[in-house]
Amino acid sequence: MGYFEDEGLKTVRPTLIRGWSPLVESFAAGKVNLVHLLNPIPVWMRYNNNFPVKIMSWAHINGSGVIVGQHTGAQIAKDEVNLQVMPPPSMPPALASQKIDAYIVAEPFNAAGELLAHGKMLRFTGDIWKNHPCCVVCMNEKVVAAKPTWTQKVMNAIVRAEVYAQNNKEEVAVMLSKDGKRYLPMPAKVVVRAMTDYKPSDYKQPDAIEHPNWGNGRIDFSPYPYPSATRLIVESMNKTLVSGNTTFLNKLDPDFVTKDLVNYDFVKKAMAKYKGWENAPGVNMKHPFEREEVISL
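Fair warning: this is a prediction, and the values are worked out from it, not measured in the lab.

Chemist: I'd like a rundown of the environment of V192, residues and numbers included.
Modeler: Looking at where V192 falls in the secondary structure, it is placed in helix α9 (residues 188-196). Placed 84 residues apart in sequence, V192 and P108 show a C-alpha to C-alpha distance of 8.8 Å. Other than its neighbours up to four places away in sequence, V192 contacts E170, A173, V174 and D197.

Chemist: If you had to explain the packing of aromatic side chains to someone new, which residues and values would you point to?
Modeler: Summed over all chains, the structure comprises eight aromatic pairs. Plain terms: the ring middles of W58 and Y226 are 5.6 Å apart, the flat faces sit at 65° to each other, and that makes the pair edge-to-face. Linking W58 in strand β2 (residues 53-58) with Y226 in the loop between β8 (219-220) and α10 (227-237), this pair joins segments that are 168 residues apart in sequence. Taking relative accessible area as the criterion, Y226 reaches 3% and is therefore assigned buried. The ring centre of W150 lies 4.4 Å from the NZ or CZ of K147, which sits over that ring. Lying across the ring of F289, K268 places its NZ or CZ 4.6 Å from the centre.

Chemist: Would you mind going over the sheet that holds strand β7 (residues 135-140) in detail, with residue names and values included?
Modeler: Ordered by their spatial adjacency, three strands build an open sheet running β1-β7-β2, and the pairing between neighbours is antiparallel. Edge positions in the sheet fall to β1 (35-38) and β2, since each of these pairs with one other strand and no more. Recorded for the sheet is a direction-independent mean angle of 45° between the axes of neighbouring strands. Summarising the sheet, β2 and β7 pair through five bridges and their orientation is antiparallel. When the sheet's bridge partners are listed, S57 is paired in β7 with V137.

Chemist: Can you lay out a positive patch on the surface for me, pointing to particular residues and giving the numbers?
Modeler: Together, R13, K178, K181 and R182 make up a positively charged patch on the protein surface. Its place among the elements puts K178 in the loop between α8 (169-176) and α9.

Chemist: Tell me what's going on with the nonpolar core, and back it up with residues and numbers.
Modeler: One finds L37, M45, M155, L252 and L261 to be the most contacted residues of the largest nonpolar core, which totals 53 residues. In terms of residue count, helix α7 (residues 148-167) provides more of this core than any other element does, six residues in total. Core analysis: the next-biggest nonpolar cluster, separate from the first, contains 29 residues, I100, A117, V191 and A208 among them.

Chemist: Describe the pattern of salt bridges, with residues and values.
Modeler: Scanning all chains against the criterion turns up 16 salt bridges. K169 is paired through a salt bridge with D220; the nearest N and O atoms lie 2.8 Å apart. With K169 in helix α8 and D220 in strand β8, the pair connects residues that are 51 residues apart, well separated along the chain. Look at D220 and you get buried, because its relative accessible area is 2%.

Chemist: An account of the sheet that holds strand β4 (residues 64-68) is requested, with residue identities and associated values reported.
Modeler: Taken in spatial order, the three strands of this open sheet run β5-β4-β6, and their pairing is antiparallel. Across the chains shown, the open sheet's two edge strands, defined by having one partner strand only, are β5 (102-106) and β6 (120-124). Across the sheet, the mean angle separating the axes of adjacent strands is 30° when strand polarity is ignored. Relative to β6, β4 runs antiparallel, the two sharing four bridges.

Chemist: Can you explain the state of the cysteines? Please cite residues and give values.
Modeler: Applying the stated criterion across every chain, the model contains zero disulfides. With no disulfide of its own, C134 has C135 as its nearest cysteine by sulfur position, at a separation of 4.3 Å. Classification of C135 as buried rests on a relative accessible area of 5%.

Chemist: Could you give me a rundown of the packing of α7 against helix α13 (residues 265-273), with the residues and numbers involved?
Modeler: Axis separation between α7 and α13 bottoms out at 8 Å; the angle between their running directions is 50°. When the axes of α7 and α13 are compared, the pair comes out oblique. Handedness of the α7/α13 crossing: right-handed. Taking contact as the criterion, the partners of P148, T151, Q152, M155, N156 and V159 in α7 are, on α13, F266, V267, K269, A270, M271 and K273. Looking at the contact of α7 with α13, its residues break down into seven nonpolar, three polar and two charged.

Chemist: Could you give me a rundown of unusual backbone geometry, with the residues and numbers involved?
Modeler: Residue E107 is joined to P108 through a cis peptide bond whose omega torsion reads 10°. Along the chain, P108 turns up in the loop between β5 and α5 (109-116). The backbone of N131 shows a phi angle near 55°, a positive value even though the residue is not glycine. In this structure, N131 sits in the loop between β6 and β7.

Chemist: Which residues make up the side chain of S222, and what values go with them?
Modeler: If you trace the backbone, S222 turns up in the loop between β8 and α10. What makes S222 buried here is its relative accessible area of 4%. Those residues in contact with S222 that sit more than four places away from it in its chain are W58, A59, I61, E162, A280 and V283.

About the criteria used
Along each chain, residues carry numbers from 1 onward, in the same order as the chain's sequence is written. In keeping with the model being predicted, local features are shown solely for residues with a pLDDT of at least 70 and side-chain atom pairs are shown and tallied solely at 80 or more, while totals for entire chains, interfaces and linings include all residues. Each side-chain value is worked out from all heavy atoms of the structure, with water and hydrogens disregarded. Counting from the N terminus, the helices are the DSSP runs of H or I reaching at least four residues and the strands are the DSSP runs of E reaching at least two. Note on contacts: a residue pair qualifies if any of its non-hydrogen atoms lie within 4.5 Å across the two residues. Geometry of aromatic contacts follows a simple scheme: Phe, Tyr and Trp rings, the Trp one being its six-membered ring, pair when their centres are within 6.5 Å, and the pair is stacked under 30 degrees between planes, edge-to-face over 60, tilted otherwise. Relative accessibility decides the category of a residue: with a 1.4 Å probe and only protein chains considered, values under 20% of the type maximum give buried, values over 50% give exposed, and everything between is partly exposed. Distance and angle both matter: a charge sits over a ring if NZ of Lys or CZ of Arg is within 6 Å of the ring centre and within 35 degrees of the ring normal. Strands are labelled as partners when DSSP assigns at least two bridges between them. For every element, the axis is a line fit to its C-alpha atoms; helices are fit only across the contacting stretch, and the angle between N-to-C directions ranges from 0 to 180 degrees. Patch rule: a residue counts if its relative accessible area is over 30% and it has no salt bridge; like charges are joined within 9 Å, and nonpolar side chains (Val, Leu, Ile, Met, Phe, Trp, Tyr) within 5 Å. Every accessible area reported is derived by Shrake-Rupley at a probe size of 1.4 Å, with residue values counting cover from the shown protein chains alone. Within this document, salt bridges are pairs made up of a side-chain nitrogen of Lys or Arg and a carboxyl oxygen of Asp or Glu, the two lying within 4 Å of each other. Positive residues here are Lys and Arg, negative ones are Asp and Glu, while His and the chain termini are left out of the count. Every charge is mapped onto a representative atom, which is NZ of Lys, CZ of Arg, CG of Asp or CD of Glu. What makes a nonpolar core is a set of buried Ala, Val, Leu, Ile, Met, Phe, Trp, Tyr and Cys residues whose side-chain atoms join them at distances within 4.5 Å. Criterion for a disulfide: a pair of cysteine sulfur atoms within 2.5 Å. To sort the angles, those under 35 degrees are grouped as roughly parallel, those over 145 as roughly antiparallel, those from 65 to 115 as roughly perpendicular, and the leftovers as oblique. For any helix crossing, the convention is left-handed if the near helix is rotated counterclockwise from the far helix by under a right angle, and right-handed if that rotation is clockwise. Only Asp, Glu, Lys and Arg are considered charged in this grouping, and only Ala, Val, Leu, Ile, Met, Phe, Trp, Tyr, Cys and Pro are considered nonpolar; every other residue, Gly among them, is considered polar.

In structure tokens, the structure reads:
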């Protein structure tokens, strides 16, 4: 929409990279200077791989869920589950062909599972961890230090875009879709559902939305990277089974990470310039840079 150009920046069309590993590799190699990454990835990059990544803001909150198939699942014990790692684009087809019984992923692949694979939403993750962060906007710390004026202009555009996306979800969904400007390889009906469809009356049994009083959206755009959420992520990563060597996590002080991994200065200045971020759910205008993390199964 020209927001970067309004800040005096020259940009090229964003590149869609269909996988976290190649995106991380491109970022680490300096091929791209602005990325959004799944929130735990920069923790791993900075403290396990010693790459100078900085979280500059959140990209969006909520936006994930558990989709189940309509078919009868594999015969295993009620307290067991077989886990399989799979690229998100492969999940809806795998569900439709009954190769898997369910999956958990971020949008728009949940909406694709509902509309294209006849899946059912079991539970929105934002209804478990209230307004949880999902993807974060990241830059190279060395670039931030060397180009503070450029960095501020970038963050101004990012915050302005988040405000617009939060307040104009359906329009932005159509623009992102392959029926619009083709940023996502999904039809408009899928992306619109992914960004707007969050009515408790539409999701009955099983209860996909058990906390309608939280006031969440299916996906929301909120730029401020709350330290309390970063702290919880670091603590949780120590308790979560993931592949690879995770010994570096044992040495991480969550309070240190909230100060060392995240840069709060540029996003705060951008938020002062472009208002409207307060319309995102969970923002307390009495204390806009603080919040309490709420988890309820």
